[in-house]
Amino acid sequence: MKPTLPDLTALAQGAGKILRAGFRQTKNINHKREIDLVTETDQASEDYILQQINARFPHHHIIAEENGESAGDPDHTWYIDPLDGTTNFAHGLPIFAVSIAYAYQGRTTLGVVYDPMRDEMFSAELGQGATLNGQPLQVSQQTDLKQSLLVTGFPYDRFTNPDNNFNHALNFLMRVQGFRRLGAAALDLCNVAAGRVDGYWEMHLERYDMAAGALVAQEAGAVVTKKDGTPDILSAPYSIVAANPTLHGEMLKVLALPAA
């Protein structure tokens, strides 16, 4: 049995209640890596989502941030980020979301990203367009890179990984109106879908970071690929570029430049 988009929406809303309840409360913060945080709210949100999926779709395959990858039918795969933007959440910065995607036979067909602090539900179904709280989304039509506002992020291992996006960021900084680093990849992709920013790029993400937001962006008219232009963003090595078709091509050119 396959889930429906309302199924994912209900899951995200339920998890969003958990995030709202935990925000600005005293947090038990642990470190997965030196600057990669996890809170008890991440785990509570994920436990709720997994419990609901396992009750209704017990044979499905799940890839989740905190609990890892479960056994199950790979024809039915879920990608779960229970709290995208944990560092923001831990510092009391209200920029975070729940991200849930479902893929059938290797192709993402459903995706939702819910921002519980703004009560914004971004959702998409393959071939059916993308919406924000029920209203259709459309990407920016900006085609001039110099007039564009982009968004990006940097990997947790940036102190030791030479592929840390610093050189790309500098190359873009000299060619665009500006770029932002907001700290929640799923919301970055949804902001592209909503036309709030013109494009997005990042490397070294995980599948659960990207799957739902990528579908929302695609269904709103974005081209979404890896940084080398290949389309399968859910296969390693992971990277992502999202923008309208013209700007996407211009962004790929900048990403191919040598270090500044």
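If you're wondering where the values come from, they're calculated on a predicted model, not measured in any experiment.

Cut-offs and rules
Residues numbered from 1 in each chain as written. Predicted model: local features only at pLDDT ≥ 70, side-chain atom pairs only at ≥ 80, totals over all residues. Heavy atoms only, no water. Buried < 20%, exposed > 50% of the residue type's maximum accessible area, 1.4 Å probe, protein only. Helix = DSSP H or I, 4+ residues; strand = E, 2+ residues; numbered from the N terminus. Axes fitted to C-alpha atoms, helices over the stretch in contact; angles between N-to-C directions. Parallel < 35°, antiparallel > 145°, perpendicular 65-115°, else oblique. Contact = heavy atoms within 4.5 Å. Nonpolar A, V, L, I, M, F, W, Y, C, P; charged D, E, K, R; others polar. Pairing = 2+ DSSP bridges. Salt bridge = Lys/Arg side-chain N within 4 Å of Asp/Glu carboxyl O. 1 Å grid on protein atoms, 1.4 Å probe; cavity = no way out; pocket = protein on both sides within 12 Å on 5 of 7 lines; lining within 4 Å. Points joined across faces, edges and corners; volume = space filled by probe spheres on them.

Peer 1: Which parts of the structure should I look at to understand helix 5 (residues 185-193)?
Peer 2: Three or four residues apart is the spacing at which side chains of an α-helix point the same way, because the helix has 3.6 residues per turn. The buried fraction of helix 5 amounts to nine of the nine residues, a majority that puts the element mostly inside the structure. Residues of helix 5 that are buried include every one of A185, A186, L187, D188, L189, C190, N191, V192 and A193, and no others.

Peer 1: Is there a simple way to think about the packing of helix 5 against helix 6 (residues 207-219) in this case?
Peer 2: For any two helices packed against each other, one specifies the crossing angle of their axes together with the interaxial distance. For the pair helix 5 and helix 6, interaxial distance at closest approach is 8 Å and the crossing angle is 5°. Between helix 5 and helix 6, the crossing angle belongs to the class labelled roughly parallel. When helix 5 is examined against helix 6, the residues A185, A186, L189, C190 and A193 are found in contact with a partner set consisting of D209, M210, G213, A214, V216 and A217. Grouping the amino acids of the contact of helix 5 with helix 6 by side-chain chemistry returns nine nonpolar, one polar and one charged.

Peer 1: I'm lost on the sheet that holds strand 8 (residues 120-125) in this one. Help?
Peer 2: Sheet strands pair by backbone hydrogen bonding; their relative direction is either parallel or antiparallel. The eight strands lie next to each other as 4-3-5-6-7-8-9-10, forming an open sheet whose pairing is mixed. Looking at strand neighbours, the two that pair on one side only are strand 4 (68-69) and strand 10 (135-136), the edges of this open sheet. Across seven bridges, strand 6 (residues 97-104) lies against strand 7 (residues 107-115) in antiparallel orientation. Its bridge partner lying in strand 7, I100 is registered against V112. With respect to the sheet, helix 1 (residues 5-22) is in contact with strand 5 (73-84), strand 6, strand 7 and strand 8, its orientation differing from that of strand 7 by roughly 30°. Most of the contacts of helix 5 go to strand 7, to which it runs at about 100°, and overall it touches strand 5, strand 6, strand 7 and strand 8.

Peer 1: Is there a simple way to think about the pairing of strand 8 in this case?
Peer 2: Looking along a regular strand, one sees side chains alternate from face to face of the sheet. The buried fraction of strand 8 is high, at five of six residues. With antiparallel pairing between neighbouring strands as the criterion, strand 7 and strand 8 make up a hairpin whose turn holds four residues, including D119 at a positive phi of roughly 50°. In terms of strand pairing, strand 8 meets strand 9 (residues 130-132) through three bridges, oriented antiparallel. For F122, the partnering residue across the bridge sits in strand 9 and is L132. Turn length for the strand 8-strand 9 hairpin, with the two strands adjacent in sequence and antiparallel, is four residues, and the turn residue G127 shows positive phi of about 80°.

Peer 1: Looking at this structure, I do not really get the pattern of salt bridges. What am I missing?
Peer 2: For side chains of opposite charge, pairing can occur when their charged atoms come near one another. Taken as a whole and judged by the stated rule, the model has five salt bridges. In this structure, R56 and D7 form a salt bridge, with 2.8 Å as the shortest nitrogen-oxygen distance. You can see R56 sitting in helix 2 (residues 40-56) and its partner D7 sitting in helix 1, a full 49 residues away along the chain. With relative accessibility at 44%, the residue R56 sits in the partly exposed group.

Peer 1: Can you help me understand the sheet that holds strand 12 (residues 178-180) in this one?
Peer 2: Pairing is mixed across the open sheet formed by five strands, whose spatial order is 12-11-13-15-14. Unpaired on one side and paired on the other, strand 12 and strand 14 (223-225) mark the two borders of the sheet. Between one strand axis and the next, the sheet turns by 15° as a mean value, whatever way the strands run. As paired strands, strand 11 (residues 149-152) and strand 13 (residues 199-203) are joined by three bridges and run parallel to one another.

Peer 1: Got a minute to help me understand the pairing of strand 6 in this structure?
Peer 2: Of all eight residues making up strand 6, seven are buried, and the element is well covered by its neighbours. Two elements, strand 5 and strand 6, share seven bridges in a ladder whose sense is antiparallel. Among the inter-strand pairings, H76 is bridged to a residue of strand 6, identified as Y104. Hairpin connection from strand 6 to strand 7: two residues lie between these consecutive antiparallel strands, with Q105 at a positive phi of about 50°.

Peer 1: Looking at this structure, how should I read the layout of surface pockets?
Peer 2: By rolling a water-sized probe across the atoms, one finds the places where empty space is left. Considered as a void within the structure, the second largest pocket measures approximately 260 Å³ in volume. Forming the boundary of the second largest pocket are 13 residues, of which T108, Q218, P231, I233 and L234 lie nearest the centre. When contributions to the lining of the second largest pocket are tallied by element, the ones reaching two or more residues are strand 7 and helix 6. The dominant element in the lining of the second largest pocket, judged by the number of residues it contributes, is helix 6, at four residues. Of the residues belonging to the lining of the second largest pocket, the class tally is eight nonpolar, three polar and two charged.

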